[in-house]
Structures are given as C-alpha cells and as structure tokens.
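Structural description and commentary
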Amino acid sequence: MTDRLFRRGGQGAVLALWAAAILLLWEAGAWFIADVMKTTAPASKLPYLHKVLGTLADHLPTLLKQGTVTFGNSITGFVIGSIIGSALAIVMSVSRAAEHTLSPYMIASQMIPIIGLAPIIYGIVRDAELSRVLMAGYVTFFPVAIHMLRGLRSVSPEQLELMRTYAASTWMLYSKLKLRAALPGLFAGLKLSAPLAITASIIVELMGAPDGIGVLMVSSLYYGTSQVYMFWSTVLISMGIGIALYLFIAAAERLFTPWQPEFRETGRDEA
C-alpha cells in the first residue's frame, strides 16, 4: 500500500511539475515578446496567462453557457457516429465482400478536409444544430469503425475453434467472444474521436452559427486586440471540453475492460 501511494504521489508530482513548467514558459514567453522584443500588440502574439485566466473567470457564466451548447451537439453527433462506426465494423467483420465494398468509400470520405466540408454541410441543411451533429458524427465514425474492426479480428484461431466445437451460432460468437475482444479497440477509437468531434462542431460554429463557443471565438477575433484575452479564454474552454470528454471515455474504458494489462497491473498494485 505504501509503495502504491508513493508511486501515485510520484506520478502526481511529475504531472504537477510539468504543468508548472508549461505555465512558467507561457508567462516567460509573453514577457519576452512584450518587454524584451518590444513587439507591437504583444497580446495578439502571446498574451499573459494570468490575464487570460482573469478574463476567463470574469466571463465564466457566458463561456460555460456557450460551451454547453457546443458540448451538447458534439456529444449527440459523437454517439451517433460511434453507433454507425460500430455497426460498420461488425458488418465488415462478418463479410469480406462488405469490407471490400465499404472500405474505399469510407477512406475516400476522410479525404475531405473538415474546414472544407463544414460550410458545405451548413449551407445545405441551414441548421446550425443539425450541422454540428452531422460533422461530429462524420469525424467519429471512421476511427471507431477501423479500431473496432481490428479488435473484432484480434480473436485467436484457438478461441474461434473452441466456440465452433460447442456449435456456437454467429450471435453467440459475437456476444460471448468477438464483441468483448473488440472493446479495447472500440475505446481506442472513441478516445481518438472525442476531441475531433468537439473541433468539428466548433468549425461549424465559425461558419455563422447563432450560438456556441465558436461564435465567441469569431466575435473576439472581430474586435482584434481589444478582445484577445476573451479569444484565448474560449480556446481554454474548448480544450477543457475535449479533455473532459476524453477522461470520461478513459474512465469508462477502465470500468468495462478491467482485464487489459495496464488495468490488471494497477489492480495488483492496489492489492
């Protein structure tokens, strides 16, 4: 127990040191740009962190309100994209023909830049909420499908042979073996997609949505240096939303896949 606490304390200390170092570098960089280089409008290059945090605290209710709008639409699209990606992975794992048919179109869909697709979608549907949902789902389904498909195919031949020995149906094969084996891959795809879903929704908001954190970003940029601290506050809020979603998925992964090596080692340490 003492060793475990010591290791956890050591990891926490390392993270705290890294965070402190980054904060100090930010402040030192802002000071260097403003006072040493004598740059014109230094805040537009790199503002002082303490002023950004002060602005964030002053406008926190507004930032949280708009961030909630962005987060809500992102989550909806993220869930829909995850379901579609999981379904595609299962279909492709069942049929090689389906995989060969679907894969080229899936890959081609990812060749379109988000910044180019977002205004097209928004121009077609003319609904900011639906556009954010569609874009979040668009960036989610592909990583989920690819990683889950890899997980579905990670089952060893010995395990498959054992299931066939018991005359397991396709449903039993998936429910008892393949889907369980695919969970680590599924969570890998979800963790990869989570920040992208937030980013995709914000890009739609930059195209002219009536609300959301992206709208605050655009309005802050419109007023130039007078709103530069507000702009950086929106950036921090966006980062916070993405990190929160990622941590939630990581916690769910630990709950639903406790057999993974990294979690088993933690469990032995706690024992």
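Calculation criteria
- Residues numbered from 1 in each chain as written.
- Predicted model: local features only at pLDDT ≥ 70, side-chain atom pairs only at ≥ 80, totals over all residues.
- Heavy atoms only, no water.
- Helix = DSSP H or I, 4+ residues; strand = E, 2+ residues; numbered from the N terminus.
- Buried < 20%, exposed > 50% of the residue type's maximum accessible area, 1.4 Å probe, protein only.
- Contact = heavy atoms within 4.5 Å.
- Areas by Shrake-Rupley, 256 points an atom, 1.4 Å probe, with all protein chains shown as cover.
- Arc of directions from axis to C-beta.
- Patch = residues over 30% accessible without salt bridge, like charges linked within 9 Å, V, L, I, M, F, W, Y side chains within 5 Å.
- Salt bridge = Lys/Arg side-chain N within 4 Å of Asp/Glu carboxyl O.
- Core = buried A, V, L, I, M, F, W, Y, C linked by side-chain atoms within 4.5 Å.
- pLDDT = per-residue confidence, 0-100.
- Phe/Tyr/Trp six-rings, centres within 6.5 Å; stacked < 30°, edge-to-face > 60°.
- Lys NZ or Arg CZ within 6 Å of the ring centre and 35° of its normal.

Before going further, it helps to spend a moment on the overall build of the chain. When helices and strands are tallied, the chain shows twelve helices and zero strands. Of the regular secondary structure in the chain, the N- to C-terminal order runs α-α-α-α-α-α-α-α-α-α-α-α. With respect to the three principal axes, the spread of C-alpha positions in the chain is 75 × 60 × 30 Å. Across the 271 residues in the chain, those meeting the buried criterion constitute 38%. By sequence separation, contacts in the chain at least 24 residues apart represent 71% of the contacts at least 6 residues apart. For the chain, the exposed surface amounts to about 15500 Å²; the carbon and sulfur share of it is 70%.

The subject of this paragraph is helix α3 (residues 49-58). Buried within α3 we find Leu 49, Val 52, Thr 55 and Leu 56. Projected onto a plane normal to the axis of α3, the buried residues spread over an arc of 125° and lie on a single side. More than 90 degrees from the buried face of α3, the exposed residues found are Ala 57 and Asp 58.

Once that is clear, we can look at a nonpolar patch on the surface. A grouping of Trp 31, Phe 32, Val 36 and Met 37 is seen on the molecular surface, where their side chains present a nonpolar patch of about 410 Å² in accessible area. Mapping Trp 31 onto the fold places it in helix α1 (residues 2-36). With a relative accessible area of 45%, Trp 31 lands in the partly exposed category.

Ranked by size, the top nonpolar core spans 45 residues in total, and within it Leu 63, Met 106, Met 135, Leu 190 and Ile 249 carry the most contacts. The set of elements that each furnish at least two residues to this core consists of α4 (60-94), α6 (114-125), α7 (128-152), α9 (170-206), α10 (213-222) and α11 (228-256). Beyond its immediate stretch of four places on either side in the chain, Leu 190 contacts Phe 78, Ser 82, Val 144 and Ile 249. Of all hydrophobic cores here, the second largest spans five residues; its members include Val 155, Met 163, Leu 173 and Leu 177.

Next up on the list: the confidence of the model for the chain. This prediction gives the chain a mean pLDDT of 85; 92% of its residues lie at or above 70. Averaged over each element, pLDDT in the chain is lowest for helix α12 (residues 261-270) (63) and highest for α4 (94).

Under the criterion given, the structure shown has three aromatic pairs. Aromatic side chains Phe 231 and Trp 232 sit 6.4 Å apart centroid to centroid with 85° between the ring planes, which places their arrangement in the edge-to-face category. Counting every residue linked through ring pairs, the aromatic cluster contains Trp 26, Phe 231 and Trp 232. Taking NZ or CZ as reference, Arg 180 lies 3.8 Å from the ring centre of Trp 259, over its face.

Glancing now at the side chain of Ser 233. For Ser 233, the position within the fold is in helix α11. For Ser 233, a relative accessible area of 0% puts it in the buried group.

Attention now goes to unusual backbone geometry. Notably, Arg 126 is not glycine yet its phi reads approximately 55°, a positive angle. Mapped onto the elements of the fold, Arg 126 is located in the loop between α6 and α7.

This next bit is on the environment of Ala 20. Mapped onto the fold, Ala 20 is located in helix α1. A residue is classified by how much of its surface remains accessible, and Ala 20, at 34% relative accessible area, is partly exposed. As for Ala 20 and Ser 74, which are separated by 54 residues in sequence, their C-alpha atoms are 31 Å apart.

Now for the environment of Leu 177. Considering the arrangement of structural elements, one finds Leu 177 in helix α9. For the pair formed by Leu 177 and Leu 160, sequence separation is 17 residues and the distance between their alpha carbons is 8.4 Å. Residue contacts for Leu 177: discarding those within four places in its chain leaves Val 155, Gln 159, Leu 160, Met 163 and Met 172.

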